[in-house]
Amino acid sequence: MWGGAGESISCSICLDLLKDPVAVPCGHSYCMTCIKTHWDEEDEKNIYSCPQCRETFTPRPVLVKNIMLAALVEQLKKTGLQAAPADHCYAGPEDVACDVCTGRKLKALKSCLVCLVSYCEKHLQPHYDVAQLKRHKLVEPCKKLQDNICSRHDEVMKMFCRTDQQCICYLCSVDEHKGHDTVSAAAERTERQRELEGSRQKIQQRIQDREKDVKVLQQELETINGSADKAVKDSEKIFTELIRLLEKRHSDVKQQIRSQQETEVSQVKELQEKLEQEITELKRKDADLKQLSHTQDHTQFLQNYPSVSALSEPTDSSSINIRPLRYFEDVTAAVSELRDKLQDILREKETNISQALTEVDVLLPQPEPKTRAGFLQYSQEITLDPNTANTYLSLSEGNRKATSYSSHPDRFTEWCQVLSRESLTGRCYWEVKWSGTGVSVAVTYKNISRAGSSDESVFGFNDKSWALYCQQDSYNFWHNNIRTPVSGPQSSRVGVYLDPRAGILSFYSVSETMTLLHRVQTTFTQPLYAGLCYLKCFFLKQRHKFTCL
């Protein structure tokens, strides 16, 4: 072994064997490069020191390679370097160093909880050989061995105070912890170890449960992606077929129009040619008659007059007067009607599609927001449907505000009510700003009755609708003809939060803050629409019936 000799010919700067060794005036040796670099940093002070003994030199010493020491290093490399500890055996900044080693310290192999010292393999050997040391408790290398010493009594803390929940030494147990529930640290460790194992079992069980959940969700992801891809492919095929069907029908109608156009144009041109021929013949007759009128010979006049004045049968032009001025207007009207019906069908089916899409949700329902900003992330702009608006109402601001209409089967005939054009799909939030006598803010199924004045067509008075009636001094919630008085701050703005899948419908008073007025927890079985009712008309029509509102 060359350990002692190797350490004596090591550079104290790089901690490695000397390379191009040089000796400074105080006698210490360094690698030439290491000491030069060290002194380069001291050039500004113009005072040069030895890194080990701190002796100073002025001026900067001239460095000369120590030939003898260099030869010794080379000989040591050839004969004994292989026996030296490898670099990875020395303790680094993150390692626990042997407390016994001098110079460059080796990594500690074990720490002794009795000696409170960490040992490398060499210095640990007595704990394996000496009988008294064999009883010491050896553990994995620990940096904080001093934490085991009582700061008050400078004794090893081998006890635990359950009263104060802290480690103590024996002197502590008879001093400031006297009368406390104290046990040995080993006994407390045994108890805590059982708790730890129980906690680990719970954690491991939770890990297994979560891993199962992750697998289930991964399978669900694959299923969702596969189903979505198939739905996109199938819908593209269906819409392509539908587009082709429309294009075919468009082509057929266009061809029919052009064919009919050709027939009508041919008939018109035929009649036009006959009339032009008749005009030409009449002009010729008129010229002959004019010439005959200038004949001086009475005999000639009388003899030629019968033949010249004779006219052919006139062309029948009575049909010209009975032809419509815009012959194909009815075709346009028929196509427009087809478009309107198709739009209605598409809108209705779009609602069904959207409703089906919102039901594709494997995760738990999201909790209801707590702030207005949270609600606004689900905000939905409501467009009112003019075809449903009572004739007492008019719509303005892009059909978003109810402020008289032709007959329509979707129209509320008696009550001043109107529905949204769009269905309410997924979690959504909207606000209603109102003034005047009052307003009913409602959510309803589309198949609510529209005609007549029965309860079946009034928001909240049937099982198809839920409505909050807002007046200047009160709130009342109605559903299935049951009134629920509602208390809360009066506000000209009402917020509505709806989560159809979770079956949650909430009404809020909106001002500086949001105050919950009423919440409904139910099961919605059909697509939902927003509704509004103007209470002034409501009272005028049935004042005697709704005095309780």
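Residues numbered from 1 in each chain as written. Predicted model: local features only at pLDDT ≥ 70, side-chain atom pairs only at ≥ 80, totals over all residues. Heavy atoms only, no water.

Asks: Sorry, what's going on with the layout of surface pockets here?
Replies: Its volume calculated, the second largest pocket comes out at about 580 Å³. In terms of lining residues, the second largest pocket is bounded by 17 residues, among which L113, N148, M157, A185 and A186 are the most central. Here the lining of the second largest pocket takes 5 residues from helix α8 (residues 185-293), the largest share from any one element. Of the residues that constitute the lining of the second largest pocket, the class distribution is 9 nonpolar, 2 polar and 6 charged. (1 Å grid on protein atoms, 1.4 Å probe; cavity = no way out; pocket = protein on both sides within 12 Å on 5 of 7 lines; lining within 4 Å. Points joined across faces, edges and corners; volume = space filled by probe spheres on them. Helix = DSSP H or I, 4+ residues; strand = E, 2+ residues; numbered from the N terminus. Nonpolar A, V, L, I, M, F, W, Y, C, P; charged D, E, K, R; others polar.)

Asks: How do you make sense of unusual backbone geometry when you look at a structure like this?
Replies: Glycine aside, residues mostly have negative phi, and peptide bonds are mostly found in the trans state. In this structure, the amide linkage connecting T58 to the following residue, P59, adopts the cis form with an omega of 0°. By the secondary structure assignment, P59 is in the loop between β4 (56-57) and α3 (67-79). In this structure, D20 takes a positive phi of about 50° despite not being glycine. By secondary structure assignment, the location of D20 is in the loop between α1 (3-8) and β1 (21-23). When its relative accessible area of 42% is taken as the criterion, D20 is described as partly exposed. You will see that N481, though not glycine, has its phi angle at about 65°, which is positive. Note on placement: N481 falls in the loop between β17 (474-479) and β18 (482-486). You can call N481 partly exposed: its relative accessible area is 39%. (Buried < 20%, exposed > 50% of the residue type's maximum accessible area, 1.4 Å probe, protein only.)

Asks: Can you walk me through the confidence of the model for the chain in this structure?
Replies: Note that predicted coordinates carrying low pLDDT should not be read in detail. This prediction gives the chain a mean pLDDT of 83; 87% of its residues lie at or above 70. Mean pLDDT across the secondary structure elements of the chain bottoms out at α1, with 50, and peaks at strand β20 (residues 504-510), with 95. Considering only residues more than four positions removed or in separate chains, one finds that residues 1-6, a stretch of pLDDT under 50, has 10 contacts. Here residues 539-549 is modelled with pLDDT under 50, and outside its nearest four sequence neighbours on either side it reaches 20 contacts, counting other chains as well. (pLDDT = per-residue confidence, 0-100. Contact = heavy atoms within 4.5 Å.)

Asks: When you look at the sheet that holds strand β9 (residues 166-168) in this model, what are you seeing that I'm missing?
Replies: As a general point, the strands of a sheet are linked pairwise by backbone hydrogen bonds and lie either parallel or antiparallel. Reading across from one edge, β9-β8-β10 is the order of the 3 strands in this open sheet, with antiparallel pairing throughout. The open sheet has two free edges, formed respectively by β9 and β10 (182-184), since each of these has just one partner strand. Mean inter-strand twist for the sheet, computed between neighbouring axes without regard to direction, equals 35°. Packed on one face of the sheet, α8 meets β8 (159-161) and β10 and runs near 90° to β10. (Pairing = 2+ DSSP bridges. Axes fitted to C-alpha atoms, helices over the stretch in contact; angles between N-to-C directions.)

Asks: Honestly, the pattern of salt bridges in this entry has me stumped. Any pointers?
Replies: Charged atoms that come close allow side chains of opposite charge to pair. For the structure on display, the rule yields 20 salt bridges. For D20, the salt bridge goes to K65, with nearest N and O atoms at 3.5 Å. Of the two residues, D20 sits in the loop between α1 and β1 while K65 sits in the loop between β4 and α3, which places them 45 residues apart along the sequence. Salt-bridge contacts for R60 lead to D40; the nearest nitrogen and oxygen are separated by 3.0 Å. Here R60, found in the loop between β4 and α3, pairs with D40, found in helix α2 (residues 32-40); they are 20 residues apart in sequence, far enough to count as distant. Judged by relative accessible area, R60 falls into the partly exposed class, the value being 27%. (Salt bridge = Lys/Arg side-chain N within 4 Å of Asp/Glu carboxyl O.)

Asks: I tried to follow α2 on my own but got confused; where do I start?
Replies: Since the α-helix packs 3.6 residues into each turn, any two residues three or four apart lie on the same face. The complete set of buried residues in α2 reads M32, C34, I35, H38 and W39. For α2, the arc enclosing every buried residue in end-on projection is 165°, short of the 170-degree limit, so these residues lie on one face. Buried positions along α2 lie against β1, β2 (29-31), β3 (48-49) and β4. (Arc of directions from axis to C-beta.)

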